[in-house]
Amino acid sequence: MKNIPSSVLEVLRRQARQAAARSHVPYSNRPAGAVLLLEDGRLVPGVRVESASFSLTIPALLNAFTTAVAARRHDVVAAVLSHASDAGEAAFMTATPAGTFTPAGPDAFVRPGTGPLPAPAGLLSPFLDVERPDDPGAGLRLAREVARRAHVPASNFPVGCVLETAEGLVPGVNVEHEDWARILCAERNALGTAVTYGLTKLHTLYLSCLRDPDGTPCGACRQLLTEQAPALVLWMDRGAAPPASSRPEALLPGFFSGGALRKPAL
Ligand code: THU
């Protein structure tokens, strides 16, 4: 087991715990965060985003990796959690988009063959470095460009989206895993990034399924979108035809909000 130098580990643990404070955990009241270390020292945080449907909960590590892939950063060298890793997290780390990682302590993983780890620097920006789109067509062109970042070894079905928030444009792509229960769609990728970075004003989502001119968000994405941003304006790419628009609450009428769930006391 390769060890992470304690000075680096302490910084990463602190960042993972800071991320955990932004997690969305109304059903468990158990905050969870993760942070990835990139080759240039940049850090990519991820938080746990619980769903009223429980099984649709986005784990912190998956959230961090999908943020990195949407930013075209596959150069992850280490990952540290705010908590001791469980069997599911260990299984995820055997086949990440950045390859196989090995445990480096109860809460840490490193990529085998990595040389000395870089000194941790600031957080990676979650935003696209482009102007805001003026119209739906421009937003969908951006979503198509973003879709090229998708990690889709299983489906070869790239999906890209751009979530417009008050603070900036957040990209999302689908990120697959050899265990299909551990993949994340493009829409939930962008949503998870927004929650991680504390972005709350989610205005518009531009969505393009490059290989399907009738593409719409899947049921799981509809559920998460209704929980986090029911009135968001959704623009869906229709290829050469004019784009279609809707809202999550219209795509999932009578959705389960979780409002009546009993939440454990702190
Ligand atoms: N996918 C999305 O990214 N968004 C959707 O709304 C539909 C499905 C992805 C998930 C998986 O990588 C592939 O498309 C096939 O389902």
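The coordinates are above.
A brief report on the enclosed structure follows. (Residues numbered from 1 in each chain as written. Predicted model: local features only at pLDDT ≥ 70, side-chain atom pairs only at ≥ 80, totals over all residues. Heavy atoms only, no water.)

**Observations regarding the site of the ligand**
Here is step 1 of the chain: All residues adjacent to the ligand are Ser155, Phe157, Val159, Asn174, Glu176, Ile183, Cys185, Ala186, Glu187, Thr216, Pro217 and Cys218.
Here is step 2 of the chain: Separating an oxygen atom of the ligand from a backbone N or O atom of Cys218 is a distance of 2.9 Å.
Here is step 3 of the chain: Here the ligand, which alone exposes 370 Å², has 79% of that area covered by the protein.
Here is step 4 of the chain: More than half of the atoms belonging to the ligand lie within 2 Å of the grid points that define the second largest pocket.
Here is step 5 of the chain: Of the residues belonging to the shell around the ligand, the class tally is 7 nonpolar, 3 polar and 2 charged. (Near = heavy atom within 4 Å. Polar contact = N/O pair within 3.5 Å; in protein donor to acceptor, adjacent residues only side chain to side chain. Areas by Shrake-Rupley, 256 points an atom, 1.4 Å probe, with all protein chains shown as cover. 1 Å grid on protein atoms, 1.4 Å probe; cavity = no way out; pocket = protein on both sides within 12 Å on 5 of 7 lines; lining within 4 Å. Sits in = over half its atoms within 2 Å of the grid points. Nonpolar A, V, L, I, M, F, W, Y, C, P; charged D, E, K, R; others polar.)

**Topic: the nonpolar core**
Here is step 1 of the chain: Counting 46 residues, the largest nonpolar core has Leu36, Leu61, Phe65, Met93, Leu163 and Leu202 as the members making the most contacts within it.
Here is step 2 of the chain: Sorting elements by how many residues they give to this core places helix H2 (residues 60-70) first, with 6 residues.
Here is step 3 of the chain: Residues in contact with Leu61, not counting those within four places in the same chain, are Ala34, Leu36, Ala79, Leu81, Glu89, Phe92 and Met93.
Here is step 4 of the chain: In terms of nonpolar packing, the next biggest core, distinct from the first, is built from 15 residues, Ala16, Val35, Val77 and Leu117 among them. (Core = buried A, V, L, I, M, F, W, Y, C linked by side-chain atoms within 4.5 Å. Buried < 20%, exposed > 50% of the residue type's maximum accessible area, 1.4 Å probe, protein only. Helix = DSSP H or I, 4+ residues; strand = E, 2+ residues; numbered from the N terminus. Contact = heavy atoms within 4.5 Å.)

**Comments concerning the sheet that holds strand E7 (residues 169-173)**
Here is step 1 of the chain: One open sheet accounts for 5 strands, arranged E7-E6-E8-E9-E10; its pairing is mixed. This sheet does not close on itself; its edge strands, each paired only once, are E7 and strand E10 (244-246). Averaged over all pairs of adjacent strands, the angle between their axes in this sheet comes to 20°, without regard to strand direction.
Here is step 2 of the chain: Taken together, the 4 bridges between strand E8 (residues 202-209) and strand E9 (residues 233-236) define a ladder with parallel strand orientation. Bridging from a neighbouring strand, Thr204 pairs with Val233 of E9. (Pairing = 2+ DSSP bridges. Axes fitted to C-alpha atoms, helices over the stretch in contact; angles between N-to-C directions.)

**Here's the deal with the sheet that holds strand E3 (residues 76-81)**
Here is step 1 of the chain: Spatial strand order, E2-E1-E3-E5-E4: 5 strands in an open sheet with antiparallel pairing. Edge strands, defined here as strands with exactly one partner in the open sheet, are strand E2 (43-47) and strand E4 (102-103).
Here is step 2 of the chain: One ladder, built from 5 bridges, connects strand E1 (residues 33-38) with E3; its direction is antiparallel. What sits directly across from Leu36, in E3, is Ala79.
Here is step 3 of the chain: Along the sheet, H2 makes contact with E1, E2 and E3, crossing E2 at roughly 135°.

Shape descriptors only; they carry no functional weight alone.
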